[in-house]
Amino acid sequence: MEAGGSSESPADQPKRGKSKTPRKAKDSVLKQKSPAEFFAENKNIAGFDNPGKCLYTTVRELVENSLDSAESISELPVVEVTIEEIGKVKFNTMIGLVDRERVDEELYDDYETAKAREKRLAKEARNQEIQAKNAALGKKVKEPTPAKAMKGRGEASFYRVTCKDNGRGMPHDDIPNMFGRVLSGTKYGLRQTRGKFGLGAKMALIWSKMSTGLPIDISSSMRGQNYVSFCRLDIDIHRNIPHIHIHEKLEKKEEWHGAEIQVVIEGNWTTYRSKILHYMRQMAVITPYAQFIFKFVSDTSDKSMTIKFARRTDVMPPVPLETKHHPSSVDLLLIKRLITETSKQNILQFLQHEFVNISKAHAERLIGEMGPEFQPKMLIKSLTDQQIVRIHQLFRQAKFEDPIGDCLSPAGEYNLRLGIIKELHPDMVATYSGSAQVFEGHPFIVEAGVSLGGKDVKQGLNIFRFANRIPLLFEQGADVVTRTALKRINWSSYKINQMQDKIGVFVSIVSTKIPFKGTGKEYIGDDITEIATAVKYAIQQCCIQLKSKIVKKMQAREQQERKRNLSKYIPNAAGAVYDVLKEMAQSHALKKKRYEDEDATLLGKVSTRLITKDTLTEKLSQHVEQVDYEMALEFATQSGVSEEPREAIYIHSLDTKSDFIDFSNSIFCFRLTR
């Protein structure tokens, strides 16, 4: 042992392991997220799940905003949508990035080692050898499977989406907040709206900032303005405020009002091409009074396309009206908000003017039922929390008249029929528009159409769903329309073959509150009895109309077949009758057998060839035509009126501004000018 050394050997020293003392947790810090930050982190809620879905949702949001803008000023919508494919080199030029050659190939996701490349080439050679042997033996040669593209995760596709309309336009000073501040807009309130979250183009701007970092360009002009507002901005996601790059007034070179929005985003046209085109086609069905022009621009000429969905009618549905809340549909929080925002002084006025279907007498009865501490002249702002709870409890228990639904704006049976005919060209179509019904205090209207045949329609059921006049393309299987059409309609009882016929089922539901299911709001649940019953009844009414037409068509076909069979035997029958008449005429001439009066006259005409085989053939054909006509007339007389109900024709009043009167019903619109 060395002097001053340790008295313990290394083996006797304790081993130094990891400390088992638990780490001290950091003090939690209270943080707050802005609405823009929340939706950026949860973009799937707004339909921005992946690049392809983002491209689809961006187009949809811009188109629906354009329609709302044009309809708000009663202008027939003209919407132009352009998707321009932007290559990597062009995109890098736009953002000022210089292309750089790869230095370390192994660093990239699409790098292929020499061994992997050798294995791939050997596999391709074996496949080619097998294909050659099969071809030599005369066997059917399968198409070679294309090799998977070695595309790295970092490679993305970018698109410039432009949407131009002829709508209202936007006030110059409001543009930054309308696009750069999430959860701010002009559509909030209790009314039928196309939007689902009130995000609109704001979510497209957030996705643009996340995927490309480029701002959005907005051009706008309103009626009577002599300038065009131009604004280029992006959004400060953490503060939920607009970051303005350019905001100026430009010279107005042409007479135009509306808005033009341009945004560059990452997307995937290849996988979502069919969805976007399907959306545009369905939008043309539900809004036949609008004109859509869709363009896809690519450097590859064969990929570029232009599709025009022409306007079919100028009859527009009325603008949806904002309405008041129904007492049975409010919750405690909403009652408190209404009390805070109301301009009324006492509880009697509050009940009368802040809710629908509460008259003065009804309001007085409700106040009397609330208890002795409530008085009609009691100040509404002085209510305690307990008293507000009492009002809420009474609203849930009391009986109120249903809302009448005059605030809703359905597409209309006439427009729905025109849209189906314009886009599908079916052999038969029937439509039905129901009356307003109620679900949890919210009015709703169900419209339906059923078509048979048509272009680009597959065999079986082709289901088209609409909510507040916008198409629903995703999560179809769980939707009330799909389940009703598949499980609750006995198609064979209406002479329709569910498997072989080309059946189009169109159902449009409008309401102040669409009861969507799921975060994506892409389908309406099947658990709401009122809506499920209304959907089934609407489809059945269309099927009843079609059955009448199908039965008549079948009867007409049978009648034509019967006529064809009779006509087929006319020459043989005429020949046989003529041979018998010739023998009778010869016997009469030889006086072997004498005929008198009309018989003798007829035989004389046969002998002198005034009556020939052709004469008998012509007479028999005329007789078949006469019988066919009489049978058709008898059928129309007996069943035509009873099976085809009379339809109401609506005549619009002639005001001082118009020089015409419209006569319209569900089938036609006739305009009389003066």
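Throughout what follows, the structure given in this document is the object of discussion. None of the values given here were measured: they were computed from a predicted structure.

1. Brief notes about helix α10 (residues 360–370)
Side chains of residues three or four places apart in an α-helix project in the same direction, reflecting 3.6 residues per turn.
Thinking step 1. Within the span of α10, buried status applies to His362, Ala363, Leu366, Ile367 and Met370. The arc that holds the buried residues of α10, viewed along the axis, is 140°, so those residues lie on one side. Exposed residues lying more than 90 degrees from the buried face of α10 are Arg365, Gly368 and Glu369.
Thinking step 2. The inward-facing, buried residues of α10 contact α9 (347–354) and α11 (385–397).
Thinking step 3. Positive backbone phi, at 135°, marks Gly371, one or two positions downstream of α10.

2. Overview of unusual backbone geometry
Thinking step 1. One non-glycine residue, His425, lies in the positive phi region at around 50°.
Thinking step 2. Tracing the backbone through its elements, the reader meets His425 in the loop between α12 (413–424) and β9 (428–433).
Thinking step 3. Classification of His425 by relative accessible area gives partly exposed; the value is 44%.
Thinking step 4. A positive phi angle is found at Lys495, which is not glycine, with a value near 65°.

3. Side note on the nonpolar core
Thinking step 1. Formed by 66 residues in total, the largest nonpolar core has its most connected members in Ile83, Phe179, Trp269, Phe292 and Phe294.
Thinking step 2. Ranked by the residues each element gives to this core, the list is headed by helix α7 (residues 269–286), at 10 residues.
Thinking step 3. The next biggest cluster of nonpolar side chains, apart from the first, holds 36 residues, and it includes Leu452, Tyr494, Ile524 and Ile531.

4. Side note on the sheet that holds strand β7 (residues 291–297)
Thinking step 1. Judged by pairing direction, the sheet is mixed, and its 8 strands sit side by side in the order β5-β4-β3-β6-β2-β1-β7-β8 without closing on themselves. Only two strands of the sheet have a single neighbouring strand rather than two, namely β5 (241–251) and β8 (305–309). Across this sheet, the average inter-strand angle for adjacent strands is 15°, counted without regard to direction.
Thinking step 2. Across 5 bridges, the pairing between β7 and β8 is antiparallel. Following the sheet pairing, Phe294 is matched in β8 by Ile307.
Thinking step 3. On the sheet, helix α2 (residues 51–71) packs against β1 (78–86), β2 (157–164), β6 (258–267) and β7 and is oriented at approximately 175° with respect to β6.

5. Here's the deal with the pattern of salt bridges
Thinking step 1. Per the stated rule, a full pass over the model turns up 18 salt bridges.
Thinking step 2. In this structure, Glu423 and Lys422 form a salt bridge, with 2.6 Å as the shortest nitrogen-oxygen distance. The two residues Glu423 and Lys422 agree in class, both being buried.
Thinking step 3. Taking the shortest distance from any N to any O, the salt bridge between Arg488 and Asp526 comes out at 2.7 Å. Pair noted here: Arg488 is in helix α13 (residues 480–488) and Asp526 is in the loop between β16 (523–524) and α14 (529–589), with a separation of 38 residues, a long-range link.
Thinking step 4. When its relative accessible area of 31% is taken as the criterion, Arg488 is described as partly exposed.

6. Looking at the side chain of Glu423
Thinking step 1. Within the fold, Glu423 resides in helix α12.
Thinking step 2. With residues up to four places along the chain from it excluded, the contact list for Glu423 reads Arg281, Ala284, Val285, Phe309 and Lys455.

7. Side note on the packing of aromatic side chains
Thinking step 1. Summed over the entire model, instances satisfying the criterion amount to 13 aromatic pairs.
Thinking step 2. Ring centres of Phe395 and Phe400 lie 5.9 Å apart, and the angle between their planes is 80°; this geometry places the pair in the edge-to-face category.
Thinking step 3. On the basis of relative accessibility, which here comes to 11%, the residue Phe400 falls in the buried class.
Thinking step 4. Members of the aromatic cluster, joined through ring pairs, are Tyr56, Tyr272, Tyr279 and Phe474.
Thinking step 5. Here the basic side chain of Lys53 rests over the ring of Phe474, its NZ or CZ set 4.4 Å away from the ring centre.
Thinking step 6. Cation over ring: Lys275 sits above Phe474, and NZ or CZ is 4.7 Å from the ring centre.

What counts and what doesn't
Residues numbered from 1 in each chain as written. Predicted model: local features only at pLDDT ≥ 70, side-chain atom pairs only at ≥ 80, totals over all residues. Heavy atoms only, no water. Buried < 20%, exposed > 50% of the residue type's maximum accessible area, 1.4 Å probe, protein only. Helix = DSSP H or I, 4+ residues; strand = E, 2+ residues; numbered from the N terminus. Arc of directions from axis to C-beta. Contact = heavy atoms within 4.5 Å. Core = buried A, V, L, I, M, F, W, Y, C linked by side-chain atoms within 4.5 Å. Pairing = 2+ DSSP bridges. Axes fitted to C-alpha atoms, helices over the stretch in contact; angles between N-to-C directions. Salt bridge = Lys/Arg side-chain N within 4 Å of Asp/Glu carboxyl O. Phe/Tyr/Trp six-rings, centres within 6.5 Å; stacked < 30°, edge-to-face > 60°. Lys NZ or Arg CZ within 6 Å of the ring centre and 35° of its normal.

By themselves, these are just geometric observations and shouldn't be taken as functional.
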